Amino acid sequence: MRRTAAATTAFLAFTATFLVLPVYASPQPLPEPVTTSSDVVDLGSVDEPARAADVREGTSDPVSGVESDTPTLTVRRTDVDEFSLVGITWSYDAAVSDTLVQVRVTDADGDWGGWTEVTQETQDQSAGADTGAVLRGGTSPLWTGPSTGVEVELVTRSGAQPTDVQLDLVDPGKSDADSALGVPDATDTAHAATTMPAVYSRAQWGADEKIRTWSPQYAATLKAATIHHTADSNNYTADQVPAIMRSIYRYHTVSLGWGDIGYNVIVDKFGRLWEGRYGGLSTTVMGAHAGGFNTSTFGVSMLGNYDIAPTTQPMIDAVEAIIAWKFSLYGIDPTGTATLTSSGGGTSKYAAGVKVTKPTIFAHRDVGSTACPGRYGYARMDEIRAGVTALMRRTAEPTISARYASDAGWRTLLGTAIGSQQVTAGVSWQQYERGYAYWTAATGAHSVSGQIWGVYMAAGGPTVLGAPTTDERPTPDGVGRFNHFANGASVYWTPATQAQLVAGQIRNLWQSTGWETGPLGYPTSGELGAGGGALYQTFKTGTVYWTPQAGAVEVHGPIAARWTALGGLSWAVPTSSQKKAATGTYVNTFSGDRSIYYTSATGAKVVQGQIRQVWLALGGLAGRLGVPTSDEKGAAGGCCTRRSRAGRSVGRRAPARTRCRVRSQRSGRRWGR
């Protein structure tokens, strides 16, 4: 058995203003990242059980489709630390398709509970996704509440037997804030015709971002919502939900190797909404919730098993509210259909490349080989669609004519109408003396004018970008102005940069960094071709580079300045966004085995080729060489050297002899390679 820790200690800095009050009230505990951990018990396989496991015939409780002599892999442990969630994982193998597990646990008093059947996890990370971890197959996570012992029986009814089976016992950690969360604080800067419902943020439920290894990836636009259930326990209290969120997060992120929690949003039985996947609630960030169909979908999961218990009305109301808000951002008709292209893999019913038309609100079982969201959840799909439709109609903004008649400021801004209303690609529009107004039922009526309108039309107008979802608005710093559009695009204008279109994954990445207030600043160009199907866009203090394979990555600040000085794209293509490599140290990686590291003390330094390989082999930043303090330099005999903070240099000989050496500037000792 081995224990893996989720994070190191977090340090918080506090400032306070002291007031003399007639009555003292104890301050509410503040949410903070909570350290989680797992006890991992190796089970091996039916053919080669691990020392802690055993193989026997049949299961303790009858299981449908399992004969009494079917080999069953079992383990029973009572010598474990307290845990609250159980999951079983195995080496990923698509041929393992019909394996299930029975679990029972002991409570704090040591009393055994009944057996619970846990099925194979059917929420899937997209095939080929770079999660920063090794993908594993496994069961759905099972919330048990605080427990001190466990017994597991794993049986395969058909298909391949799993190998390298592991039992994960997850401890979600503890936080005083779990029972005193206060008001949900998840917010977003996007503007929608439908009001955003209250959502508890990742910070509020104690997400420890240090264990997240997945970097957000974004679809070009949003097309549909997928309804799920977690297939977990229904016997939870309101105070336990933050711990359940942390447990699922750790299991998805670490145990299954997804790099983050799979769902975009989770809804509990009390009707509360919880932020799931990192990357922004209003964005098109891709989740890991519906194998083959994670792109352009919004995954909403109901916390519990709704194959064995009815859903609650507050839960359904909350599902409707979050989807209505999300659909109003992207102009999606909740009564319509969407055509999606399967990426295959996992439990998808459809092979990669197959185009599938589904309702814009569909259940996981509609595209995957699963019962999700359970028979009780599935029975409410039509009700959810009707509820979303009603919410969007109730809050829809007035038509162009109605707003023009009632909004004196709008009339002054636009002036007199020219000609009659027209319709393009389902978007109604009207020309005025000083601008244009556009309307759809989902977005309401909004105006576009000047250079922003010119760029909007040059990019295809309503046909390509959809209707505007905002009027032209000033930016928070008062320097610029902008409009957002329904199909995942925005146009930003400043006197210095003029009007620039930002769209698709480049826009999503820019949004995730803080729009113009983030490290990239305002866009200074539109999308530009970089060859090979790649695109890039320049910003005031950085560049975003996009490829079909890797998506969008950004380079900014001193690293961007150094990269530009070296020749920009002609020197190397960025392959990662800027990351914090260590305290005070930041890095971008580039094609051609190159990296640029930056600290305030050393500036931005290039590490590349064989020197980079040797440096990394010696531990990189954490090794004996430490942070690079110089670029590669020429040396006698055609060699190249680089100085490190530890006072050592790495040397590379001329091409004829490609051996690298490390020399200590203190002792003269050499390490060869």
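Residues numbered from 1 in each chain as written. Predicted model: local features only at pLDDT ≥ 70, side-chain atom pairs only at ≥ 80, totals over all residues. Heavy atoms only, no water.

## So, the overall build of the protein chain
Inference 1: Tallying secondary structure elements over the protein chain gives 11 helices and 40 strands in all.
Inference 2: Considering only contacts within the protein chain whose residues lie at least 6 apart along the sequence, 59% involve residues at least 24 apart.
Inference 3: Taken as a whole, the protein chain presents about 28400 Å² of accessible surface, with 52% of it coming from carbon and sulfur. (Helix = DSSP H or I, 4+ residues; strand = E, 2+ residues; numbered from the N terminus. Contact = heavy atoms within 4.5 Å. Areas by Shrake-Rupley, 256 points an atom, 1.4 Å probe, with all protein chains shown as cover.)

## Considerations on the confidence of the model for the protein chain
Inference 1: Averaged over every residue, the pLDDT of the protein chain is 86; the share at 70 or more is 88%.
Inference 2: Low pLDDT (under 50) marks residues 1-26, which in the prediction has 35 contacts with non-local residues, meaning those over four places away or in another chain.
Inference 3: Per-residue pLDDT stays below 50 along residues 653-659; that stretch engages in 12 contacts with residues further than four places along the chain or on separate chains. (pLDDT = per-residue confidence, 0-100.)

## Quick look at the nonpolar core
Inference 1: Among the nonpolar cores identified, the biggest contains 57 residues, and Ile 322 and Ile 323 are the most heavily contacted of them.
Inference 2: Element by element, the count of residues in this core is highest for helix α2 (residues 313-330), at 11 residues.
Inference 3: With residues up to four places along the chain from it excluded, the contact list for Ile 322 reads Pro 197, Val 199, Val 265, Leu 273, Phe 298 and Val 300.
Inference 4: Within the second largest apolar cluster, 23 residues are counted, among which are Val 75, Phe 83, Val 101 and Val 165. (Core = buried A, V, L, I, M, F, W, Y, C linked by side-chain atoms within 4.5 Å. Buried < 20%, exposed > 50% of the residue type's maximum accessible area, 1.4 Å probe, protein only.)

## Topic: helix α1 (residues 241-255)
Inference 1: Taking 1.5 Å per residue, 15 residues should reach 21 Å; α1 reaches 20 Å between its end C-alpha atoms and fits that length.
Inference 2: Counted residue by residue, α1 has 14 buried out of 15 residues, so it is predominantly covered. (Expected span 1.5 Å × (residues − 1).)

## Regarding the sheet that holds strand β19 (residues 361-363)
Pairing between sheet strands relies on hydrogen bonds along the backbone, with the strands arranged either parallel or antiparallel.
Inference 1: With respect to topology, 6 strands assemble into an open sheet ordered β12-β15-β14-β16-β13-β19, the strand pairing being mixed. Because the sheet does not close on itself, it has two edges, and the strands there are β12 (199-200) and β19.
Inference 2: Pairing geometry for strand β14 (residues 265-267) and strand β15 (residues 273-275), over 3 bridges, is antiparallel. For Ile 266, the partnering residue across the bridge sits in β15 and is Trp 274.
Inference 3: Along the sheet face, α2 touches β12, β13 (224-229), β14, β15, β16 (297-302) and β19 and points at about 165° away from the line of β16. (Pairing = 2+ DSSP bridges. Axes fitted to C-alpha atoms, helices over the stretch in contact; angles between N-to-C directions.)

## With respect to unusual backbone geometry
Inference 1: A cis amide bond links Cys 372 to the next residue, Pro 373, at an omega of 10°.
Inference 2: Of note, Ser 296 is a non-glycine position whose phi angle comes to about 65°, a positive value.
Inference 3: For Ser 296, a relative accessible area of 9% translates into the label buried.
Inference 4: One non-glycine residue, Trp 515, adopts positive backbone phi at about 55°.

## A word on the environment of Val 319
Inference 1: Within the secondary structure, Val 319 sits in helix α2.
Inference 2: The residues touching Val 319, leaving out its near neighbours within four places in the chain, are Ile 227, Val 267, Val 300, Met 302 and Ile 384.

## What to know about α2
Inference 1: Spanning 18 residues, α2 covers 26 Å between terminal C-alpha atoms, matching the ideal 26 Å at 1.5 Å per step.
Inference 2: With 14 of its 18 residues buried, α2 lies for the most part within the structure.

## Some remarks on the pattern of salt bridges
Inference 1: Across all of its chains, the model carries 19 salt bridges by this definition.
Inference 2: Two residues, Glu 209 and Arg 202, come together in a salt bridge whose shortest N-O distance is 2.9 Å.
Inference 3: Beyond isolated ion pairs, a larger network of salt bridges with shared partners links Arg 202, Glu 209, Arg 212 and Asp 260. (Salt bridge = Lys/Arg side-chain N within 4 Å of Asp/Glu carboxyl O.)

## Observations regarding the pairing of strand β25 (residues 481-485)
Inference 1: Here β25 lies mainly inside the structure; 4 of its 5 residues are buried.
Inference 2: Sheet analysis places strand β24 (residues 473-474) next to β25, joined by 2 bridges and oriented antiparallel. Bridging from a neighbouring strand, Arg 473 pairs with Phe 482 of β25.
Inference 3: Two successive antiparallel strands, β24 and β25, enclose a turn made up of 6 residues, where Gly 478 displays a positive phi of approximately 80°.
Inference 4: Looking at chain direction, β25 and strand β26 (residues 489-494) are connected through 5 bridges and run antiparallel. Paired with Arg 481 across the two strands is Trp 493, which belongs to β26.
Inference 5: Once β25 ends, the chain turns through 3 residues before running back antiparallel as β26, passing Gly 488 with a positive phi of about 70°.

## Describing the side chain of Thr 156
Inference 1: Structurally, Thr 156 is set in strand β10 (residues 149-158).
Inference 2: One polar contact links Thr 156 to Gln 161, side chain to side chain, over a distance of 3.1 Å.
Inference 3: Non-local contacts of Thr 156, meaning those with residues more than four positions away in its chain, are made with Thr 70, Asp 98, Thr 99, Gln 161 and Pro 162. (Polar contact = N/O pair within 3.5 Å; in protein donor to acceptor, adjacent residues only side chain to side chain.)

## A look at the environment of Ser 570
Inference 1: Of note, Ser 570 is situated in the loop between α10 (557-566) and β32 (579-582).
Inference 2: Note on Ser 570: relative accessible area 68%, which makes it exposed.
Inference 3: Each C-alpha atom of the pair Ser 570 and Ala 530 lies 9.8 Å from the other, and the pair is 40 residues apart in sequence.
Inference 4: Only 2.6 Å separates the side chain of Ser 570 from the backbone oxygen of Gly 567, close enough to count as a polar contact.

## A word on the sheet that holds β24
Inference 1: The strand order across the open sheet built from 4 strands is β24-β25-β26-β27, with neighbouring strands paired in antiparallel fashion. The outermost strands of the open sheet, each flanked by one partner alone, are β24 and β27 (498-503).
Inference 2: Running over the sheet, helix α7 (residues 450-458) touches β25, β26 and β27 and is turned about 40° from β27.
Inference 3: Contacts from helix α9 (residues 504-512) reach β25, β26 and β27 within the one sheet, and its direction differs from that of β27 by about 100°.

## Points about the packing of aromatic side chains
Inference 1: Scanning all chains against the criterion turns up 17 aromatic pairs.
Inference 2: Look at Trp 205 and Tyr 249: their rings are 5.5 Å apart centre to centre, the planes differ by 75°, and that puts the pair in the edge-to-face class. In this pair, Trp 205 is assigned in the loop between β12 and β13 and Tyr 249 in helix α1, connecting sequence segments 44 residues apart.
Inference 3: Assessed through its relative accessible area of 0%, Trp 205 is described here as buried.
Inference 4: Overall, the relative accessible area of 2% leaves Tyr 249 in the buried class.
Inference 5: With a centroid separation of 6.0 Å and an interplanar angle of 80°, the aromatic rings of Tyr 236 and Phe 270 are classed as edge-to-face. (Phe/Tyr/Trp six-rings, centres within 6.5 Å; stacked < 30°, edge-to-face > 60°.)

## Remarks on the packing of α2 against helix α4 (residues 381-394)
Inference 1: At their nearest, the axes of α2 and α4 sit 8 Å apart, and the two run at 55° to each other. If you check the angle between α2 and α4, you find them oblique. Once α2 is placed against α4, the crossing between them reads as right-handed. Across the interface between the two elements, Gln 313, Ile 316, Val 319, Glu 320, Ala 321, Ile 323, Ala 324, Phe 327 and Ser 328 of α2 pack against Glu 383, Ile 384, Gly 387, Val 388, Leu 391 and Met 392 of α4.
Inference 2: Residue classes in the contact of α2 with α4 are distributed as 10 nonpolar, 3 polar and 2 charged. (Parallel < 35°, antiparallel > 145°, perpendicular 65-115°, else oblique. Left-handed = near helix turned anticlockwise from the far one by under 90°. Nonpolar A, V, L, I, M, F, W, Y, C, P; charged D, E, K, R; others polar.)

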